[in-house]
Amino acid sequence: MLVLVSYDVSFEEPDGKRRLRKIAKVCENFGQRVQYSVFECVVEPAQWVQLRHRLLEAYDEERDSLRFYFLGKNWQRRVEQHGSGTAYDPETDALIL
């Protein structure tokens, strides 16, 4: 299934940049960055549980925001790419981890 992960991390506290890097690193391990704070992650159900758990551990629920959009298995019909940036197919294009 394809899960779109977006996040917003507060920098009001000194540890904000650390949390931002940690959240981005978790997302990079599971998917492809498509915008600064947005990742497309093609995951199996067990991987989704692991991704969600790691992200919820990394963020501060009082200051930060995490959003998950579930596009399912038939996501190809639900995604359009326009404008700058290179389109890719997360199921066939290799990701280097």
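The rules behind these values
Position numbers for residues count from 1 along each chain, tracking the sequence in the order it is written. Confidence filtering applies because this is a predicted model: local features only for residues at pLDDT of at least 70, side-chain atom pairs given and counted only at 80 or more, and all residues used for totals across whole chains, interfaces and linings. Hydrogen atoms and water are omitted, and side-chain values are computed over all heavy atoms in the structure. UniProt positions are given in the numbering used here, feature names are shortened, and annotations may be inferred rather than shown by experiment. Secondary structure elements follow DSSP: runs of H or I of four or more residues count as helices, runs of E of two or more count as strands, with numbering from the N terminus. Any helix carries an expected span of 1.5 Å times its number of residues minus one. Exposed residues in this analysis have more than 50% of their type's maximum accessible area, buried residues have under 20%, and partly exposed residues fall in between, with area computed by a 1.4 Å probe over protein chains only. The arc under discussion is defined with respect to the helix axis, by the directions toward the C-beta atoms. Pairing between strands requires that DSSP locate at least two bridges from one strand to the other. Contact between two residues is taken to exist if any of their heavy atoms lie within 4.5 Å; hydrogens are not considered.

Taking an unreviewed UniProt entry as the reference, the chain is identified by name as CRISPR-associated endoribonuclease Cas2 belonging to Pseudodesulfovibrio mercurii. A UniProt comment under Subunit (unreviewed entry) is attached to the chain, and it reads "Homodimer, forms a heterotetramer with a Cas1 homodimer." The annotation that UniProt attaches to the chain under Cofactor (unreviewed entry) is "Mg(2+)".

Trainee: Explain helix H2 (residues 45-58) here, please?
Mentor: Because each turn of an α-helix spans 3.6 residues, side chains separated by three or four positions in sequence point in the same direction. Here H2 contains 14 residues, and its C-alpha end-to-end distance of 20 Å stays within 8% of the 20 Å for a straight helix at 1.5 Å per residue. Those residues of H2 lying buried are Trp48, Leu51, Leu55 and Ala58. Taken down its axis, H2 places every buried residue within 100° of arc, on the same side. Those residues of H2 that are exposed and aimed more than 90 degrees away from the buried face are Pro45, Ala46, Val49 and Glu57.

Trainee: In this structure, what is going on with the pairing of strand E2 (residues 32-35)? I would like to understand it.
Mentor: The two faces of the sheet receive side chains in turn, since in a regular strand these alternate between them. Both E2 and strand E3 (residues 38-42) contribute to a ladder of 3 bridges, which runs antiparallel. Pairing of Arg33 across the sheet is with Phe39, part of E3. In sequence, E2 turns back onto E3 through a hairpin of 2 residues.

Trainee: Looking at this structure, I do not really get helix H1 (residues 16-30). What am I missing?
Mentor: The end-to-end C-alpha distance of H1 is 22 Å, a good match for the 21 Å that 15 residues give at a rise of 1.5 Å each. When we look at burial in H1, the residues that qualify are Gly16, Arg19, Ile23, Ala24, Val26, Cys27 and Phe30. Each buried residue of H1 sits inside an arc of 160° when the element is viewed along its axis, so together they form one side. The outward face of H1, more than 90 degrees from its buried face, is lined by the exposed residues Lys17 and Arg21. Where H1 is buried, its residues touch strand E1 (2-8), E2, E3 and H2.

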